[in-house]
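Chain residues, written in single-letter form:
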Amino acid sequence: MAVPPRWANLNIDLMTEIMNRIPCAIDRARMAAVCQVWLAGVALAEDLTFQLPSLFLPPADVTGVYCYLSGCREHSMLPLPGPRYFGSYDGGWFFLAYGQTRGHRLLNIRTGDSHALPDMVLDQAAHETRSMVILAAAISSTSDDLYDAAGIVTYQPDLDAPRRRHFAFWSQGDAVAVCNVLPGAPVAVGAGWEPEDVVYYRRNFLFLTHAGHILVCTPIYENDDGGNILVVPWKLMPFLERNFRDCVWEWEYPASTVIRACYLVESRGLLHMVVRLAAHHHAPTSWFKVFDMQPFDIIEPDDDNEEADERSWTWYEVEAVLLDRVLFVGRGCSRSYEVSQYPGFKDGIFFLDDRSFYDAEMMFGGVSERQYPCNDIGRWSPPEGLLPSHVEFYFPERVPSHNSPPAWLLP
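Residues numbered from 1 in each chain as written. Predicted model: local features only at pLDDT ≥ 70, side-chain atom pairs only at ≥ 80, totals over all residues. Heavy atoms only, no water.

**Points about the side chain of Asn204**
Cut-off, in case you're wondering: A run of DSSP states H or I qualifies as a helix once it reaches four residues; a run of E qualifies as a strand once it reaches two. Both are numbered from the N-terminal end. Contacts described as polar in this section are N or O atom pairs within 3.5 Å, which, within protein, must combine one atom able to donate a hydrogen with one able to accept it, while residues neighboring in sequence count only if both atoms come from side chains. The criterion used for residue contact is that any of the two residues' heavy atoms lie within 4.5 Å.
Examined against the element boundaries, Asn204 turns out to sit in strand β15 (residues 204-209). Side chain to side chain, Asn204 and Thr218 meet in a polar contact 2.4 Å long. When sequence neighbours within four positions are dropped, the list of residues in contact with Asn204 reads Val199, Val216, Cys217 and Thr218.

What follows is the structure, encoded as structure tokens:
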């Protein structure tokens, strides 16, 4: 029998064409290490202009990185089992807490650069500094000399009070965060005002509240006798009192349907809200709904009302849903990508297991007591022709992690 030709003897043009069809940078790097011909094929291949997030999945002992460009295959095992991850930023940055409830840092997993984040928050109402835990965060930019940040945090106003989610702000290098928005803002966060997500959008930090309102915040520094202090002017974008949560029971879903999470996503220059649904409290993710915002009414200024262009807003459901887009949803780090840039991909929403966001007490437990869920991870596909929407789960049997929920590793 004839000896089959060696892979190293492939025609260089054919090898280059093969490499052009490998969308993952890590896969290309590994193929380049096989032999000189494959190395040459990688060198001649088209540049990888676009990349997608990878799934950062921390079980109890080791951490795996799973690449969606490689069919959700595991790329490597990283020796980072300890921190609790609570968000990410473009370019390989992670928000993490080395001590679960303390030791908050912003770490670049690719370069090793690191910035300390506050572990304390100044409670303006009580004029006291208290320990805080960051649950989600967003920053203005890591390319600036000094970045601003906003976070969803939890702390106890006093020893007898329950923990609740609050707004907090800080700048690079600050040891203490502040929750002082200007008078009239919901500093004492109550029912309906608890933040669900935060994004940096058009030079502002936007918080989505439990009731579906948006709080627009712009941190600035003002001169004080003791130096510059951080203050946060704000503006409320109120949405109709009968909000999107009331619509769940009007959809074609069972009466037991619950909203698992809500995310703010910037896509094509506009802001959308993505609602994640489950058939009941103990069920995995079942459906998604995408909403756009539109003005409901405008109050014109007059002699008795000097405020101009005050609006009420409403969320309305997007019928076409995604329109050739792929979304990756996560608190503070949702991203949108165009299907046309990724051959083989179709409209869909990739999601990770973030149920622990609502369990503020878990991180205070011992190692054996902490159970961060890691099995509600997958991809939701919208209806296509006669095919109904469906969910593909990637790790349905995954055991919980003792250290952290999953996170996105952003390109």
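**Brief notes about the sheet that holds strand β16 (residues 214-217)**
What holds strands together in a sheet is hydrogen bonding between their backbones, with the strands either parallel or antiparallel. Which entries qualify depends on this criterion: Pairing between strands is defined by DSSP: at least two bridges between them are needed. Convention adopted: a line fitted to C-alpha atoms gives each axis, helices being fitted over their contacting stretch, and angles between N-to-C directions are expressed from 0 to 180 degrees.
With antiparallel pairing, the four strands of this open sheet are ordered in space as β14-β15-β16-β19. If you trace the sheet from one side to the other, it starts and ends with β14 (195-201) and β19 (234-237), each paired once. For this sheet, the mean inter-axis angle between neighbouring strands, taken without regard to orientation, is 20 degrees. In this sheet, β16 lies alongside β15 in antiparallel orientation, the contact comprising four bridges. Bridge pairing in β16 links Phe205 to Cys217.

**Here we look at the pairing of strand β4 (residues 84-89)**
Here is the rule: Burial here depends on accessible area, computed with a 1.4 Å probe over protein chains only, as a share of the maximum for the residue type. Under 20% is buried, over 50% is exposed, and the range in between is partly exposed.
Across the six residues that make up β4, a large majority, six, are buried. Examined bridge by bridge, β4 and strand β5 (residues 93-97) share five bridges and lie antiparallel to one another. Residue pairing in the sheet places Gly87 in a bridge with Phe95 of β5. Linkage of β4 to β5, two consecutive antiparallel strands, is achieved through a turn of three residues, within which Gly91 is found at a positive phi near 95 degrees.

**Side note on the pattern of salt bridges**
Heads up, the condition is: Any Lys or Arg side-chain nitrogen located within 4 Å of an Asp or Glu carboxyl oxygen qualifies as a salt bridge.
A full pass over the atoms with the stated rule returns 14 salt bridges. The residue Glu361 makes a salt bridge to Arg163 at a minimum N-O spacing of 3.8 Å. With Glu361 in the loop between β26 (348-351) and β27 (378-381) and Arg163 in the loop between β11 (148-155) and β12 (164-171), this residue pair connects regions lying 198 residues apart in the sequence. A relative accessible area of 22% places Arg163 in the partly exposed class. Arg260 is the salt-bridge partner of Asp376, the closest N and O atoms lying 3.1 Å from each other. Highlighted residues: Asp376 in the loop between β26 and β27 and Arg260 in strand β20 (residues 258-267), separated in sequence by 116 residues. Taking the relative accessible area as the measure of exposure, Arg260 reaches 9% and is therefore buried. Through salt bridges with shared partners, a single ionic network connects Arg260, Arg276, Arg331, Asp354 and Asp376.

**Observations concerning the packing of helix α2 (residues 25-32) against helix α3 (residues 36-44)**
The line we're drawing: Throughout this entry, Asp, Glu, Lys and Arg are counted as charged residues, while Ala, Val, Leu, Ile, Met, Phe, Trp, Tyr, Cys and Pro are counted as nonpolar. The remaining residues, Gly among them, count as polar.
Where α2 meets α3, the closest approach of the two axes is 7 Å, and the angle between their N-to-C directions is 145 degrees. Along the contact surface, α2 presents Arg28, Met31 and Ala32, while α3 presents Trp38, Leu39 and Val42. Of the residues that constitute the contact of α2 with α3, the class distribution is five nonpolar, no polar and one charged.

**Digging into the confidence of the model for the protein**
Do not read the predicted coordinates in detail wherever pLDDT is low. The criterion, for reference: pLDDT is a residue-level measure of predictor confidence that goes from 0 to 100.
Averaged over every residue, the pLDDT of the protein is 82; the share at 70 or more is 81%. In the model, residues 301-308 has pLDDT below 50 throughout and makes seven contacts with residues more than four positions away in sequence or in other chains.

**Side note on the packing of helix α1 (residues 12-20) against α3**
As a reminder, the rule being used: Our angle categories are set so that under 35 degrees counts as roughly parallel, over 145 as roughly antiparallel, 65 to 115 as roughly perpendicular, and the remainder as oblique. Take the far helix as the reference: if the near one is turned anticlockwise from it by less than a right angle, the crossing is left-handed, and if turned clockwise, right-handed.
α3 packs onto α1 with a crossing angle of 60 degrees between their chain directions and a minimal axis gap of 8 Å. Here α1 lies oblique to α3, going by the angle between them. Regarding α1 and α3, the two cross each other, and that crossing is right-handed. On the side of α1, the interface is formed by Ile12, Met15, Thr16 and Met19, while α3 contributes Val37, Trp38, Ala40, Gly41, Val42 and Leu44. The class makeup of the residues in the contact of α1 with α3 is eight nonpolar, two polar and no charged.

**Quick notes on α1**
This is how it is decided: Note that the arc is defined by the directions from the helix axis to the C-beta atoms.
When α1 is considered as a whole, its buried residues turn out to be Met15, Thr16 and Met19. For α1, the angular spread of buried residues about the axis comes to 100 degrees, placing them on one side. For α1, the secondary structure elements touched by its buried residues are α2 and α3.

**Topic: unusual backbone geometry**
Of note, the phi angle at Arg203 is positive, near 70 degrees, even though the residue is not glycine. The topology assignment puts Arg203 in the loop between β14 and β15. Although it is not a glycine, Arg268 adopts a positive phi angle of roughly 55 degrees.

**Focus on the packing of aromatic side chains**
The description of an aromatic ring pair uses the distance of the two centres, along with the angle that the planes make with each other. The cut-off we apply is this: Working definition: rings of Phe, Tyr and Trp (its six-membered ring) pair if their centres are within 6.5 Å, and the pair is stacked with planes under 30 degrees apart, edge-to-face with planes over 60 apart, and tilted otherwise. Counted as over-ring charges are cases with an Arg CZ or a Lys NZ within 6 Å of the ring centre that also lie within 35 degrees of the ring normal.
Within this structure, the stated rule accounts for 19 aromatic pairs. Considering the side-chain rings of Tyr342 and Phe345, the 6.1 Å spacing of their centres and the 65 degrees angle between planes classify their relative orientation as edge-to-face. Classification of Tyr342 by relative accessible area gives buried; the value is 6%. Geometrically, the ring pair formed by Phe351 and Phe393 is edge-to-face, given 6.3 Å between the ring centres and 85 degrees between the ring planes. Residue Phe351 is located in strand β26, and its partner Phe393 is located in strand β28 (residues 390-393); the two are separated by 42 residues in the primary sequence. Given the relative accessible area of 29%, Phe393 is considered partly exposed. Following the ring pairs from residue to residue traces out a cluster consisting of Phe328, Tyr337, Tyr342, Phe345, Phe350 and Trp408. Sitting above the plane of the Phe357 ring, Arg331 keeps its charged end 3.9 Å from the centroid.

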